[in-house]
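Now for the letters of each chain:
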Amino acid sequence: MPRKQRSRKPAAEATEKSPTLANNTSDFTSEIDSTSSPGRTSLSSSDESKSEREPVQKEKKRKFTHSKKGSKPAGEFQTYLWVTLLLAFWILDIGVHLIRIIFPLELSSFPTTTVIDWMRILYSFVVPLCFYKLWENSPGKVASTGMVPILIILTLSSCMQAVAETLVGRLQALGFDSERPVVENAIMQFVKPTQLVDVFEILMTLSRAGFNLWWISFLLTILLYFIGCFIKKSAKLSEGIQQLGQTSFAILPLFGAYIWYLVCQYQIITPFILALLIMLVYQLFEQSLYRITDENGQFLLQSMGIAVVFLVTWKWLLWKDKVLGEMYPGVFGVAQPWTYVRLYIHNDIGHLRDVISDDLIEKSIPEETLSITVPTSHQ
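Not measured: the values here are computed from a predicted model. (Residues numbered from 1 in each chain as written. Predicted model: local features only at pLDDT ≥ 70, side-chain atom pairs only at ≥ 80, totals over all residues. Heavy atoms only, no water.)

**Here's the deal with the overall build of the protein**
We count it as follows: In this description a helix means any DSSP run of H or I spanning at least four residues, a strand means any run of E spanning at least two, and both kinds are numbered starting from the N terminus. Calculation of accessible area relied on Shrake-Rupley with a 1.4 Å probe; when residues are assessed, cover is drawn exclusively from the protein chains displayed.
In terms of helices and strands, the protein carries 11 helices and two strands. Seen in sequence order, the protein has helices and strands lined up from the N terminus as α-α-α-α-α-α-β-α-α-β-α-α-α. Surface exposure of the protein reaches about 23,600 Å², of which carbon and sulfur atoms provide 63%.

Next up, the structure:
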């Protein structure tokens, strides 16, 4: 037993005399902790990065179900935009032609701009703006590099049409026939100097160019907007997403009637049918990818379908009309609505105009007023 006590004392004394051993062991354990701590920090940082990535991925998943902040969720009907567009179509386009028939342009209003002129200018800005807002709120909108230039062309061509129709309307009040060549018009025989006929030729050329640019950009706008109206089937959407609501169903016939008027009056039947076929084929393609149209795209497609029904009905009703049959021959020859009004309803409108006011009777223009003279410069 004494030997064992002796052997323990030197060991205790050795530990007391060499404190460096304890320090070394503590340093060694601290080094092990320090080497293991970067792994822990890396794990915590990776967890933080994952937690940061999760909301980003959720936002990407919501790309086709929600539009920008402050706008309605994707799939909901854009009521105020469609109603504004419908009012612009019926008042600023159809209303202009109706006012021209009931209240014809008089010579006293030639130097000044009329209500019709301002209505045309307003149409040139309201319609492209409504299409831009619809495109901006669409769930899978087309890139701005494709949509914005077309909307700019639509605006510029509408302005060109407004200016050209204002000038041509005043020429028609003097007896100018826009459907005949400029040189063959009787009014051009009284124009002096004769070089002014070339100016009128340029005017009619710009009018036709603006019209062609307008209907091409209009149909392209509808196509590109429809392409952006598709959403995933698995997305959580409001009820009845492919079934039209009460508001959209109420204005659907009016919108389809305007498209029918647009196609008939401006004689763009073949491009319209081609655009409708492209929309139907693209819809079938998207359905194969488990994607469906939202309520806005469904409203647009159904309104174009109603326009086709109106076109067939209009052609069937006027099939036996000999006068309109000669003017618009063939299967795709559909009569213009205002041509029908001038042939068969113009007398009733003229009688109504006479009842409203005797001052609204069209004035006969003597041939002396048709001459245009330009003073020559004296050297």
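Anyway, onward from the coordinates.
**Comments concerning helix H8 (residues 269–288)**
Going by this rule: In a helix, the anticipated span is given by 1.5 Å times the number of residues less one. Only protein chains enter the accessibility calculation, which uses a 1.4 Å probe. A residue is then buried if its area is under 20% of the maximum for its type, exposed if over 50%, and partly exposed in between. This arc is taken over the directions from the axis of the helix to the C-beta atoms. The contact criterion used throughout is that any non-hydrogen atoms of two residues lie within 4.5 Å.
For H8, with 20 residues, the first-to-last C-alpha span of 29 Å sits near the 28 Å given by 1.5 Å per residue. Burial in H8 covers these residues: Ile 269, Phe 272, Ala 275, Leu 276, Met 279, Gln 283 and Glu 286. One side of H8 holds all its buried residues, which, seen down the axis, span an arc of 130°. Among the exposed residues of H8, those pointing more than 90 degrees away from its buried face are Thr 270, Leu 274, Val 281 and Leu 284. Here the buried face of H8 lies against helix H6 (196–227), strand E1 (230–232), helix H7 (246–265), strand E2 (291–293) and helix H9 (295–317). Of the residues one or two after H8, Tyr 290 is the one with positive phi, at around 60°.

**Considering the environment of Leu 203**
Positionally, Leu 203 belongs in helix H6. A relative accessible area of 15% means that Leu 203 is categorised as buried. Between the C-alpha atom of Leu 203 and that of Glu 165, which follows or precedes it by 38 residues, the distance is 9.9 Å. Setting aside anything within four residues of it in sequence, one finds Leu 203 in contact with Ala 164, Leu 167, Val 168 and Leu 171.

**A few points about the packing of helix H5 (residues 144–173) against H6**
Condition: Every axis corresponds to a line fitted to the C-alpha atoms, with the helix fit spanning only the stretch in contact, and the corresponding angles, defined between N-to-C directions, vary from 0 to 180 degrees. Handedness of a crossing is defined here by the sense of rotation of the near helix relative to the far one, left-handed for an anticlockwise turn of less than a right angle and right-handed for a clockwise turn. Just so you know the grouping, Ala, Val, Leu, Ile, Met, Phe, Trp, Tyr, Cys and Pro go in nonpolar, Asp, Glu, Lys and Arg go in charged, and all remaining residues, Gly too, go in polar.
Relative to each other, H5 and H6 sit at 145°, their axes nearing to 7 Å. Like other packed secondary-structure pairs, H5 and H6 cross with a definite hand, here left-handed. Looking at the contact of H5 with H6, its residues break down into 21 nonpolar, eight polar and no charged.

**Points about the pattern of salt bridges**
Threshold: One side-chain nitrogen of Lys or Arg within 4 Å of one carboxyl oxygen of Asp or Glu is enough to make a salt bridge.
Applying the stated rule across the entire model yields five salt bridges. Between Asp 117 and Arg 120 there is a salt bridge, with the nearest N and O atoms lying 3.7 Å from each other. With Asp 117 and Arg 120 both in helix H4 (residues 115–136) and three residues apart, the pair spans about one turn of that helix. In this structure, Asp 117 and Arg 120 share a single accessibility class: buried. With a shortest N-O distance of 3.1 Å, Lys 133 and Glu 136 are connected by a salt bridge.

**As for the packing of aromatic side chains**
Using the following cut-off: Any Phe, Tyr or Trp ring, taking Trp's six-membered ring, that has another such ring centre within 6.5 Å forms a pair; planes under 30 degrees apart are called stacked, those over 60 apart edge-to-face, and the others tilted.
According to the stated counting rule, one finds 24 aromatic pairs in the structure shown. Arranged with centres 5.7 Å apart and planes meeting at 85°, the rings of Phe 131 and Phe 218 form a pair that is edge-to-face. Of this pair, Phe 131 sits in helix H4 while Phe 218 sits in helix H6, and the two are 87 residues apart along the sequence. Of the two residues examined, Phe 131 and Phe 218, each falls in the buried class.

**Considering the nonpolar core**
Our working rule: Each nonpolar core is a collection of buried residues, namely Ala, Val, Leu, Ile, Met, Phe, Trp, Tyr and Cys, held together in the definition by side-chain atoms within 4.5 Å.
Judged by nonpolar contacts, the single largest core of 66 residues is most densely connected at Trp 82, Leu 85, Phe 131, Phe 218 and Phe 255. Mapped by element, the contributors of at least two residues to this core are helix H3 (79–102), H4, H5, H6, H7, H8, H9 and helix H11 (337–356). Setting aside its immediate chain neighbours within four residues, Phe 131 contacts Leu 85, Leu 151, Leu 154, Phe 218, Thr 221 and Ile 222. In terms of nonpolar packing, the next biggest core, distinct from the first, is built from 11 residues, Ile 187, Met 188, Val 191 and Met 204 among them.

**Observations regarding unusual backbone geometry**
Trans peptide bonds make up most of the peptide bonds, and negative phi angles are found at most residues other than glycine. Located in the positive-phi region is Gln 267, a residue other than glycine, with phi close to 55°. Mapped onto the elements of the fold, Gln 267 is located in the loop between H7 and H8. In the Ramachandran plot, Tyr 290 falls in the positive-phi region, its phi being about 60° despite a non-glycine side chain. With respect to the helices and strands, the residue Tyr 290 is situated in the loop between H8 and E2.

**As for the packing of H4 against H6**
Let me state the cut-off plainly: For this classification, under 35 degrees means roughly parallel, over 145 means roughly antiparallel, 65 to 115 means roughly perpendicular, and everything else is oblique.
Put simply, H4 and H6 touch, their axes get as near as 10 Å, and they point 20° apart. As far as their axial angle goes, H6 and H4 are roughly parallel. Note that H4 runs across H6; the crossing there is left-handed. Taken together, the residues of H6 that come into contact with H4 (itself represented by Tyr 123, Phe 131, Leu 134 and Trp 135) are Trp 214, Phe 218, Thr 221, Ile 222 and Tyr 225. When its residues are assigned to classes, the contact of H4 with H6 shows eight nonpolar, one polar and no charged.

**Here's the deal with the side chain of Thr 166**
Here is the rule: The term polar contact refers here to a pair of N or O atoms within 3.5 Å; inside protein, the definition further demands a hydrogen-donor-capable atom paired with an acceptor-capable atom, and it admits residues adjacent in sequence only when both atoms are side-chain atoms.
Tracing the backbone shows Thr 166 in helix H5. Only 3.3 Å separates the side chain of Thr 166 from the side chain of Asp 117, close enough to count as a polar contact. Excluding residues within four positions of it along the chain, Thr 166 makes contact with Asp 117 and Arg 120.

**Notes on the confidence of the model for the protein**
Selection rule: Along the chain, pLDDT gives the predictor's confidence residue by residue, from 0 to 100.
Across the protein, the average pLDDT comes to 75, with 67% of residues at 70 or higher. In this model, residues 235–241 is a region of pLDDT below 50 whose contacts with residues beyond four sequence positions or in other chains number 12 contacts. In this model residues 351–372 is a low-confidence stretch, pLDDT under 50, and it forms 25 contacts with partners more than four residues away in sequence or in other chains.

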